[in-house]
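Examination of the molecular architecture
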Amino acid sequence: MKIETKAIHLGHEIDQETGAIAPPIHLSTTFERDTDGSYPRGHVYSRLSNPNRDALEKCLCGLEGGEGAAAFSSGLAAILNVFQALLPGDHVVVSQDLYHGTTRILQDILVPWGLQVSYVDVNDFSQVRAVMKANTKIIYLETPSNPLLKITDISALSAIAHEAGALCVCDNTWPTPILQRPLELGADIVIHSTTKYFGGHSDVLGGAVISKIKDAFFDKIRMLQQIGGAVPAPFDCWLVLRGIQTLSCRMKNHSENAFGIAKFLQKHPGIQKVHYPGLVDHPGHDIVLRQMSQFGGMLSFQIRGNKEEALAFIGRLKIIKRATSLGGVESLIEHRASIEGPQSKTPDNLLRFSVGLENIEDLIADLNDALG
Ligand SMILES: *Cc1c(COP(=O)(O)O)cnc(C)c1O
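Residues numbered from 1 in each chain as written. Predicted model: local features only at pLDDT ≥ 70, side-chain atom pairs only at ≥ 80, totals over all residues. Heavy atoms only, no water.

Each domain of the protein chain was delimited in the assignment, giving domain 1 (3-244) and domain 2 (248-371). Averaged C-alpha coordinates put domain 1 and domain 2 at centres separated by 26 Å. The largest per-residue losses of area from domain 1 upon contact with domain 2 belong to Ile151, Leu179 and Tyr197, which jointly make up 27% of the total buried on that side. Applying the counting criterion to the domain 1 and domain 2 interface returns two salt bridges. In this structure, the salt-bridge partner of Glu4 is Lys252, at a minimum N-O distance of 3.0 Å. (Domains from an automatic or database assignment. Buried area = accessible area lost by both parts, 1.4 Å probe. Salt bridge = Lys/Arg side-chain N within 4 Å of Asp/Glu carboxyl O.)

Now the structure itself:
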């Protein structure tokens with residue numbers, strides 16, 4: 001099956017009891033034991049497993065091409081559980097250009113817990129090689145990165161990780177498996193915030209870890225999911241699985257709209273710089289042509305002006321909403337430096353734009369009017 005077909009059918013088997021096409025939602029927290037004490041239908045207690053989470057995990061495995069998937073209550077819970085599957089004293093190499101919540105998890109939770117972290121420019125391979133140590137267990141990256149849309153060569157980074165006996169972990173939230181499949185490019189583990197494009201409607205929070213192989217490391221992530229308990233509710237699993245059914249057509253449409261808007265902004269005199277990997281002058285353009293099938297729905301741009309002018313510009317928008325997050329059907333724009341807080345390295349005149357599925361002419365007219 002091709003990915004568009006998998007997205008519609010995996011985890012959506014016909015309900016044997018009723019013939020329902022849309023899967024039922026199983027709210028039961030506990031499941032009946034047989035007279036001999038066994039659990040013949042596989043489920044015991046819904047923190048450990050339940051039918052809706054199983055269906056979602058099966059679908060995620062199929063889309064990314066992995067053997068194991070674990071769904072979590074948020075993207076950050078997924079990320080935390082991957083690092084906690086290591087041991088205190090282990091070392092990880094992480095991209096310095098990451099979702100700010102991932103950096104906070106490392107700084108505020110994992111470093112005090114005993115993890116050693118080196119932040120590097122993952123596109124400078126000699127810098128990556130130079131920080132690798134005997135106890136390095138993971139190289140962690142995000143591509144396109146947040147919020148500067150930097151592109152990293154997943155195959156090259158995976159090879160560097162494997163030479164050193166480490167795993168390559170890739171946050172694939174922005175492109176989704178419709179546009180990019182890191183496991184096929186050599187990565188070992190993929191992470192998602194399913195809150196974003198998978199859910200797709202800004203109405204459910206979730207996360208996932210997908211592993212290329214079902215090995216001892218994945219078993220540990222599964223144990224942490226079941227015992228740590230940061231699990232998604234059955235209805236949340238159902239919503240994400242429903243969102244995935246339209247993922248492929250949404251991603252194509254998001255990408256087309258974003259590409260059109262990037263080209264419009266690039267020509268506008270009020271704009272200093274557009275960060276979008278589809279533009280030929282983007283430094284990662286050649287890599288992206290090899291590793292993504294389209295350029296995605298996210299872009300960022302810097303206006304000619306300061307923070308106040310950036311905020312005033314988005315204050316004049318009528319259709320495009322001012323809010324954090326991304327990946328929903330509606331266009332969202334955000335001043336990143338102010339949400340990331342005082343340590344943020346993001347330029348003050350930068351706006352991050354999650355391009356929605358509205359008609360592109362309406363979006364361009366909204367931007368044009370607000371730019372003045
Ligand atoms: C949103 C996001 C996360 C965090 O996910 P939550 O569901 O908000 O916990 C992690 N990585 C990326 C790239 C994100 O965009």
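Once that is clear, we can look at the sheet that holds strand 8 (residues 271-275). If you walk across this open sheet you meet the five strands as 8-9-12-11-10, and the pairing is mixed. Either end of the sheet is taken by a strand with one partner, and the two such strands are strand 8 and strand 10 (321-322). The sheet contact formed by strand 10 and strand 11 (residues 332-335) spans two bridges and is parallel. The partner of Lys321 across the bridge, within strand 11, is Leu332. (Pairing = 2+ DSSP bridges. Helix = DSSP H or I, 4+ residues; strand = E, 2+ residues; numbered from the N terminus.)

What follows is about the environment of Gln266. As for its placement among the helices and strands, Gln266 is situated in helix 10 (residues 247-267). Accessibility expressed as a relative area gives 39% for Gln266, which makes it partly exposed. Here the alpha-carbon distance between Gln266 and Phe301, two residues 35 residues apart in the chain, equals 8.9 Å. With residues up to four places along the chain from it excluded, the contact list for Gln266 reads Val274, Leu279 and Asp281. Polar side-chain contacts of Gln266 include one of 3.3 Å to the side chain of Asp281. (Buried < 20%, exposed > 50% of the residue type's maximum accessible area, 1.4 Å probe, protein only. Contact = heavy atoms within 4.5 Å. Polar contact = N/O pair within 3.5 Å; in protein donor to acceptor, adjacent residues only side chain to side chain.)

Positionally, Asp97 belongs in the loop between strand 2 (91-95) and helix 4 (100-113). For the buried Asp97, no salt bridge is present, and the opposite-charge side chain at shortest range is Lys150, 4.0 Å distant. Within the local environment of Asp97, its side chain forms a polar contact with the side chain of Ser145, the two groups lying 2.5 Å apart. What Asp97 contacts, discounting residues up to four positions off in sequence, is Ser145, Asn146, Pro147, Leu148 and Lys150. (Lys, Arg positive; Asp, Glu negative; His and termini not counted.)

On to empty space enclosed by the protein. Counted according to the given criterion, the structure contains three cavities of 30 Å³ or more. By volume, the largest cavity is sized at about 70 Å³. What lines the largest cavity is simply Ser95, Gln96, Asp97, Val120, Asp121, Val122, Asn123, Glu142, Ser145, Lys150 and Thr152. Of the residues that constitute the lining of the largest cavity, the class distribution is two nonpolar, five polar and four charged. (1 Å grid on protein atoms, 1.4 Å probe; cavity = no way out; pocket = protein on both sides within 12 Å on 5 of 7 lines; lining within 4 Å. Points joined across faces, edges and corners; volume = space filled by probe spheres on them. Nonpolar A, V, L, I, M, F, W, Y, C, P; charged D, E, K, R; others polar.)

A cluster of nonpolar side chains, Ile25, Leu27 and Phe235, forms an exposed patch at the surface whose accessible area comes to about 290 Å². Relative to the assigned elements, Leu27 resides in the loop between helix 1 (3-9) and helix 2 (51-64). (Patch = residues over 30% accessible without salt bridge, like charges linked within 9 Å, V, L, I, M, F, W, Y side chains within 5 Å. Areas by Shrake-Rupley, 256 points an atom, 1.4 Å probe, with all protein chains shown as cover.)

Moving on, we get to the packing of aromatic side chains. Counted according to the given criterion, the structure contains six aromatic pairs. Seen in terms of ring centroids, Phe83 and Tyr140 are 5.3 Å apart; in terms of plane orientation they differ by 35°. Their pairing is tilted. Of this pair, Phe83 sits in helix 3 (residues 75-84) while Tyr140 sits in strand 4 (residues 136-142), placing them 57 residues apart in sequence. Grouping residues by exposure puts Phe83 and Tyr140 together as buried. Here the aromatic rings of Phe301 and Phe313 are separated by 6.1 Å at their centres, their planes lie at 70°, and the arrangement is edge-to-face. (Phe/Tyr/Trp six-rings, centres within 6.5 Å; stacked < 30°, edge-to-face > 60°.)

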